Amino acid sequence: MKKEFFLTALILTMVLIATSFVYSKAKQVIEDPQAILYQDVIITALAPTVNKAINDYYKNILTDIPGFDTTSVQIIKIDRPNGDRTWKFIIKIEVIPYIGPHISVGKDLITIELSYPGLQVIKNYNHVEDYPLPERYKHLYIQWSIVLAGC
């Protein structure tokens, strides 16, 4: 009786572990490499405009301008306001800029108008959230630097 119970529990545990493994592999397949490639290409093409938007916002807050990479940007929405097969796009992205070794400084929503032949205009910049810097990076705040300079 104990052997049957132990064997049943062991088989059930193995099935659960195998199911979990299959689920994690299936989830990796769902993350389409082609979709990731397209997102990375779009973000790379928009990078100069995104950099400008980040620079314009954070230049009054930090002494170092934050950076970003394709892992810190998410495409929220792409619209084609003039209909199918037209050359104007409205792209809304969420970016989490960082300084140093990827220390996040905030969360921002940027809306960019993209039109032929690659013209890009920042339509909206919305700073959503601040992420406070760790103590060892507080000197990068402009206000903090002013206080330190006054000492």
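In what follows, the structure referred to is the one given above.
The structure contained in this document is the topic of the report that follows. Numbering of residues begins from 1 in every chain and follows the order in which that chain's sequence is written. The model is predicted, so local features are restricted to residues of pLDDT at least 70 and side-chain atom pairs to those at 80 or more, both for listing and for counting; the totals for chains, interfaces and linings are taken over all residues. To get the side-chain values, take all heavy atoms of the structure and skip hydrogens and water.

Looking at the sheet that holds strand β5 (residues 106–115)
Where we set the bar: Should DSSP find at least two bridges between two strands, the strands are taken to pair. Going along the chain from the N terminus, every DSSP run of H or I of four or more residues is numbered as a helix, and every run of E of two or more is numbered as a strand. All axes are obtained by fitting lines to C-alpha atoms, using only the stretch in contact for helices, and the reported angles, taken between N-to-C directions, cover 0 to 180 degrees.
Pairing in this open sheet of 4 strands is antiparallel, and the strands run β1-β2-β5-β6 from one edge to the other. Each having just a single partner strand, β1 (73–79) and β6 (119–130) make up the two edges of the open sheet. Adjacent strand axes in the sheet meet at a mean angle of 15 degrees, parallel and antiparallel pairs treated alike. Of the strand pairs in this sheet, β1 and strand β2 (residues 88–95) are connected by 6 bridges, and their pairing is antiparallel.

Quick notes on the environment of Pro81
Keep this limit in mind: Any two residues whose heavy atoms approach within 4.5 Å are treated as being in contact.
Looking at the secondary structure, you find Pro81 in the loop between β1 and β2. Those residues in contact with Pro81, other than ones at most four positions away along the chain, are Lys88, Phe89 and Ile90.

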